[in-house]
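# Breakdown of the fold
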Amino acid sequence: MSSPRHRRLSALAVALALVGAACGGSSGSGDADTAAPTTTAAPTTTAAPTTTAAPTTTAAPATTAAPTTTAAPEPPLPDGTGTGVWNNRTFGSTGQVIASVTNEGDASTVTLDLTDGFVLGQGIPEPTTLSLPLDQLVDGALVEDPFLGTLTVAIDGDTIEVTGSDTPVPGIAGFTASGTIDDTGIRGTYEVLFDDGTSATGDFEIAFA
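Quick caveat: nothing in here was measured; it's all calculated off a predicted structure.

Rules of the game
- Residues numbered from 1 in each chain as written.
- Predicted model: local features only at pLDDT ≥ 70, side-chain atom pairs only at ≥ 80, totals over all residues.
- Heavy atoms only, no water.
- Helix = DSSP H or I, 4+ residues; strand = E, 2+ residues; numbered from the N terminus.
- Buried < 20%, exposed > 50% of the residue type's maximum accessible area, 1.4 Å probe, protein only.
- Contact = heavy atoms within 4.5 Å.
- Salt bridge = Lys/Arg side-chain N within 4 Å of Asp/Glu carboxyl O.
- Phe/Tyr/Trp six-rings, centres within 6.5 Å; stacked < 30°, edge-to-face > 60°.
- Polar contact = N/O pair within 3.5 Å; in protein donor to acceptor, adjacent residues only side chain to side chain.
- Pairing = 2+ DSSP bridges.
- Axes fitted to C-alpha atoms, helices over the stretch in contact; angles between N-to-C directions.

Per the secondary structure count, the chain includes one helix and 10 strands. Along its sequence from the N terminus, the chain presents helices and strands in the succession α-β-β-β-β-β-β-β-β-β-β. Per-residue burial for the chain yields a buried fraction of 26% across its 209 residues. When contacts within the chain are restricted to residue pairs at least 6 apart in sequence, those whose partners lie at least 24 apart make up 30%.

Bringing unusual backbone geometry into the picture now. Non-glycine residue D166 carries a positive phi angle of around 55°. With respect to the helices and strands, the residue D166 is situated in the loop between strand 7 (159–165) and strand 8 (172–182). Residue D166 is classed as exposed on the basis of its relative accessible area, which comes to 62%.

This part covers the pattern of salt bridges. One pass over the structure, following the stated rule, counts three salt bridges. Here R187 and E205 are joined by a salt bridge, their closest N and O atoms 3.7 Å apart. In this pair, R187 is assigned in strand 9 (residues 185–194) and E205 in strand 10 (residues 199–208), connecting sequence segments 18 residues apart. Bridged by salt links that share partners, the residues D182, R187 and E205 form one connected network.

Before going further, it helps to examine the packing of aromatic side chains. Tallying each qualifying case throughout the model produces one aromatic pair. With 6.4 Å between their ring centres and 70° between their planes, F91 and F194 make a pair best called edge-to-face. Taken together, the positions of F91 in the loop between strand 1 (80–88) and strand 2 (94–104) and F194 in strand 9 put the pair 103 residues apart, joining distant regions of the chain. Judged by relative accessible area, which is 59%, F91 ranks as exposed. For F194, a relative accessible area of 21% gives the class partly exposed.

Position of P170 relative to the elements: it lies in the loop between strand 7 and strand 8. The exposure class of P170 is exposed, given its relative accessible area of 68%. Distance from P170 to L120, taken between C-alpha atoms, is 9.3 Å for residues 50 residues apart in sequence.

All right, on to the side chain of N103 then. By secondary structure assignment, the location of N103 is in strand 2. A polar side-chain atom of N103 sits 2.4 Å from a polar atom in the side chain of S108. The residues contacting N103, other than those within four sequence positions of it, are P75, L77, P78, D79 and S108.

In space, the 10 strands of this open sheet follow the order 4-3-2-1-10-9-8-7-6-5, with antiparallel pairing throughout. Looking at the sheet topology across the chains shown, the edges are occupied by strand 4 (128–133) and strand 5 (141–145). This sheet shows a mean twist of 20° between the axes of neighbouring strands, independent of strand direction. Where strand 1 lies against strand 2, eight bridges are found, and the strand directions are antiparallel. Pairing of G80 across the sheet is with V101, part of strand 2.

These values are about where atoms sit, not about what they do.
Laid out in structure tokens, this is it:
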């Protein structure tokens, strides 16, 4: 038979064994029950929307403007023959003139025949024929004449201006004439310029039938 002291030691051993078992069980149970870490799924990547290219615009074909047609200027003088007179008011001389006009194509041809009088101090000259380009008359057409020299003839509407320079007649520096044109003819005034600075003035009139 065991003694009381032996029984107390046995009870203490059993108690220690139970405590040890309890501690060991607690440790083992913790290892077994630890859950594996949860794996987080990678986020889903959304594809970028497809970009549709803008439709190509075809340029409209260029339209070529029709060339502008410029109408030929109207002849300033009528076809036909006119007669008239000129008067030098400074020296009192006078004379007759015959003017013939032919319009053909883009030019007017004017022939002046001074039939009598003392013209530019030289007497009666040969008939003078001038070809006047219609498209140059507004700005002034340049024509050459062996007796009158270099002429600038400008006709704009019903107004005519004539300037003579480089006149080959000795003592004559040049001359100017201006007048108006209507359905009946031409009329105006003129001035002859001398080398010494003096001048002579007069008037003229030519009527067309």
